[in-house]
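What the coordinates show
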Amino acid sequence: MVVQIRDFTYKDMPNLIRLLNETYKDSYEFSPIIEGTIRFQIEERGAKFLIAEENNEICGAVAYRDGFWGEEIRWLAASENQERTLIEDMLVREIEKHVKREKVFTTLDEGSPRISEWNERGYRAEGGLYHMTATLKDTMPLPKVPEGVSIRSLKPEEEKELVEAGNKGFGWERLKLGALQEWKNDFPPFNEEWVQVAELEGKIVSIVVAKPDTYYNKLFSANRGYLGPAATIPECQGKSLASALTCKAMDFLFERGYDPVVLHTQEQNVPSVTLLKKLGFKIGHHWKFMRKNVIRQYS
Ligand SMILES: CC(C)(COP(=O)(O)OP(=O)(O)OC[C@H]1O[C@@H](n2cnc3c(N)ncnc32)[C@H](O)[C@@H]1OP(=O)(O)O)[C@@H](O)C(=O)NCCC(=O)NCCS
């Protein structure tokens, strides 16, 4: 076998798309990969694609990007034959050279038979992500919140306060100014009314954002709502504020005909998962993060 690993060029596009769609077609809520998907990843997200070639034929591909959750091997695919794992091993070894910091991860379905292949490459399961879902069949009673707290929608001039409260709650820069405009562009008819906030002594102390699940709805002709981000500033946690805002946001979606509602949360986020289960959310899907420390060789 003489396999060469080389950079992707746009001439590879049709073969790359075919290979990725063939590999990922049975994945959870699969949406077909199109040229726009690849271009967006390369041109907007700085993704790096490598191609494996044998006898001038593409037999594998891998993609790396530095994203929201860290440095990630986003796609890995090779033609389904006895050489698949060998080609994938070569691609992973090559793409790891593009990792800038010390850790890289990939995402697999919990229980996937591929987990053992990634173990062989030195990757270990460490945390994961839940896709959680709840049905919206009626409005729900709002949990009681402490005296002096008002629960309401965001006002158009309050984006700065929203960003500050959100980032204080997360403890890192989860939100940036301009987020509202991005959501308006990406998720029409989203506007400030879709953001539920808790106010205490003139300050926003907790936030829950609702949106239509636009991409999914378009693809599957559905009417699904989406929740997130959600956060309460540390001094006000444990006072039922996020619970009340989540109920309010679910009612908001229900009244506009959305059902079900979904969100993503990390499996280690005990407060978030506990709160959501109490409100009737179930785990719809579970992805595991497989992580590796890539040891840098300095010469
Ligand atoms: C998750 C978060 C939004 C919860 O906000 P909150 O206003 O404190 O939540 P509530 O007071 O409404 O909590 C409601 C329930 O969640 C659970 N919960 C909240 N904090 C918890 C904790 N530290 N450990 C375990 N369960 C917890 C409890 O069951 C609680 O109900 P109880 O008080 O009756 O037992 C808050 O911890 C936060 O901002 N975290 C950082 C940002 C984040 O992770 N956001 C979610 C991402 S999807």
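Per-chain numbering applies: the sequence of each chain, read as written, is numbered from 1 onward. Under the rules for a predicted model, residues below a pLDDT of 70 receive no local features and side-chain atom pairs below 80 are neither given nor counted, while totals for whole chains, interfaces and linings still include all residues. To obtain the side-chain values, all non-hydrogen atoms of the structure were included, while hydrogens and water were left out.

In this section: the domain arrangement of the protein. Structurally, the protein comprises domain 1 (3-101) and domain 2 (136-259). For every domain, the bounds stem from an assignment made automatically or drawn from a database. Taking only C-alpha atoms into account, the centre of domain 1 sits 35 Å from that of domain 2. Each side of the interface is counted separately: domain 1 has 5 residues, and domain 2 has 6 residues. The junction of domain 1 with domain 2 conceals about 370 Å² of combined surface from both sides, 67% of it contributed by carbon and sulfur atoms. Throughout, the accessible surface (probe 1.4 Å) given up by two parts as they are put together, summed over both, is called the buried area. Counting the surface domain 1 buries against domain 2, the share from its top three residues, E29, S31 and F68, is 84%. Note on contacts: a residue pair is in contact if any heavy atoms of the two residues lie within 4.5 Å.

Take the packing of aromatic side chains next. Only centres within 6.5 Å qualify two rings of Phe, Tyr or Trp (six-membered ring in Trp) as a pair; their planes then separate them into stacked at under 30 degrees, edge-to-face at over 60, and tilted for everything else. The final tally for this structure, using the stated rule, is 14 aromatic pairs. Between W194 and F252, the ring centres sit 5.0 Å apart and the planes meet at 65 degrees, which makes this aromatic pair edge-to-face. Residue W194 is located in the loop between helix 6 (179-186) and strand 8 (195-200), and its partner F252 is located in helix 8 (residues 241-255); the two are separated by 58 residues in the primary sequence. Taken as a pair, W194 and F252 share a single burial class, namely buried. The numbering of helices and of strands both runs from the N terminus, where a helix is a DSSP run of H or I of at least 4 residues and a strand a run of E of at least 2. Type-normalised accessible area, obtained with a 1.4 Å probe on protein chains alone, sets the label of each residue: buried when under 20%, exposed when over 50%, and partly exposed for intermediate values.

Further remarks concern the nonpolar core. Counting 45 residues, the largest nonpolar core has L227 and F281 as its most contacted members. With 8 residues, the single largest contributor to this core is helix 8. Excluding anything up to four places from it in sequence, F281 contacts M132, T133, A134, L227, T246, M250, V261, L263 and L276. Membership of the second largest hydrophobic core comes to 21 residues, among which are A52, V92, I95 and M290. Put simply, buried Ala, Val, Leu, Ile, Met, Phe, Trp, Tyr and Cys residues joined by side-chain atoms within 4.5 Å make one nonpolar core.

This part takes up the site of the ligand. Note on definitions. A residue lies near a molecule or strand when any single heavy atom of the residue is within 4 Å of it. Around the ligand, 21 residues are found, and the nearest of them are A230, G238, S240, S243 and N269. T232 is positioned with one of its side-chain polar atoms (N or O) 2.8 Å from an oxygen atom of the ligand. The term polar contact refers here to a pair of N or O atoms within 3.5 Å; inside protein, the definition further demands a hydrogen-donor-capable atom paired with an acceptor-capable atom, and it admits residues adjacent in sequence only when both atoms are side-chain atoms. Take N269: an N or O atom from its side chain is 2.6 Å from an oxygen atom of the ligand. Protein coverage of the free-state accessible area of the ligand, which is 920 Å², stands at 70%. Mapped onto the shell around the ligand, the elements with two or more residues apiece are helix 5 (159-170), strand 10 (225-232), helix 8, strand 11 (261-266) and helix 9 (270-278). A per-element tally of the shell around the ligand places helix 9 first, with 6 residues. Just so you know the grouping, Ala, Val, Leu, Ile, Met, Phe, Trp, Tyr, Cys and Pro go in nonpolar, Asp, Glu, Lys and Arg go in charged, and all remaining residues, Gly too, go in polar. Within the shell around the ligand, the residues separate by chemical class into 8 nonpolar, 11 polar and 2 charged. The accessible surface values rely on the Shrake-Rupley method and a 1.4 Å probe; as for residues, cover is taken only from the protein chains in view.

Before going further, it helps to spend a moment on helix 1 (residues 13-24). Here the expected span of a helix is defined as 1.5 Å times the quantity of residues minus one. Taking 1.5 Å of rise per residue, 12 residues should cover 16 Å, and helix 1 covers 16 Å from first to last C-alpha, within 8% of that figure. Among the residues making up helix 1, those that are buried are M13, L16, I17, L19, L20 and N21. Its buried side turned inward, helix 1 meets helix 2 (35-43), strand 2 (48-54), strand 3 (57-67) and strand 4 (70-78).

Our next topic: the packing of helix 1 against helix 2. When two helices pack together, their arrangement is captured by the angle between the axes and the distance separating the axes. To obtain an axis, a line is fitted to C-alpha atoms, over the contacting stretch when the element is a helix, and the angle between two such axes runs from 0 to 180 degrees between their N-to-C directions. Between helix 1 and helix 2, whose axes approach to 10 Å, the crossing angle comes to 105 degrees. On the basis of their axis angle, the class for helix 1 and helix 2 is roughly perpendicular. Across from M13, L16, I17 and L20 in helix 1, the residues of helix 2 making contact are E35, I38 and R39. Across the contact of helix 1 with helix 2, the residue classes break down as 5 nonpolar, no polar and 2 charged. Each angle gets one of four labels, with under 35 degrees taken as roughly parallel, over 145 as roughly antiparallel, 65 to 115 as roughly perpendicular, and the rest as oblique.

What follows deals with a nonpolar patch on the surface. A surface patch of nonpolar side chains, about 410 Å² in accessible area, is lined by F68, W69, F170 and W172. You can see W69 is positioned in the loop between strand 3 and strand 4. Residue W69 is classed as partly exposed on the basis of its relative accessible area, which comes to 36%. Note on patches: the residues involved have over 30% relative accessible area and no salt bridge, like charges join within 9 Å, and the nonpolar side chains Val, Leu, Ile, Met, Phe, Trp and Tyr join within 5 Å. Definition used for salt bridges: Asp or Glu carboxyl oxygen within 4 Å of a side-chain nitrogen of Lys or Arg.

Now for the side chain of H285. When you line up the elements, H285 lands in strand 12 (residues 282-293). One polar contact links H285 to D109, side chain to side chain, over a distance of 2.8 Å. In contact with H285, not counting residues within four places along its chain, are Y28, D109, L129, Y130 and H131.

With that settled, the discussion passes to the pairing of strand 11. Every regular strand shows the same layout, with side chains that alternate between the two sheet faces. As paired strands, strand 6 (residues 124-134) and strand 11 are joined by 6 bridges and run antiparallel to one another. For T133, the partnering residue across the bridge sits in strand 11 and is V262. As judged from the 2 bridges shared by strand 10 and strand 11, these two strands associate in the parallel manner. From the neighbouring strand, G225 faces strand 11, where its bridge partner is V261. Regarding the hand of the β-α-β motif, the stretch spanning strand 10, helix 8 and strand 11 is right-handed. Pairs of strands are assigned from DSSP output, requiring at least two bridges between the strands. The path from the first strand over the helix to the second decides the hand: if it runs clockwise while the strands point away from the viewer, the crossover is right-handed.

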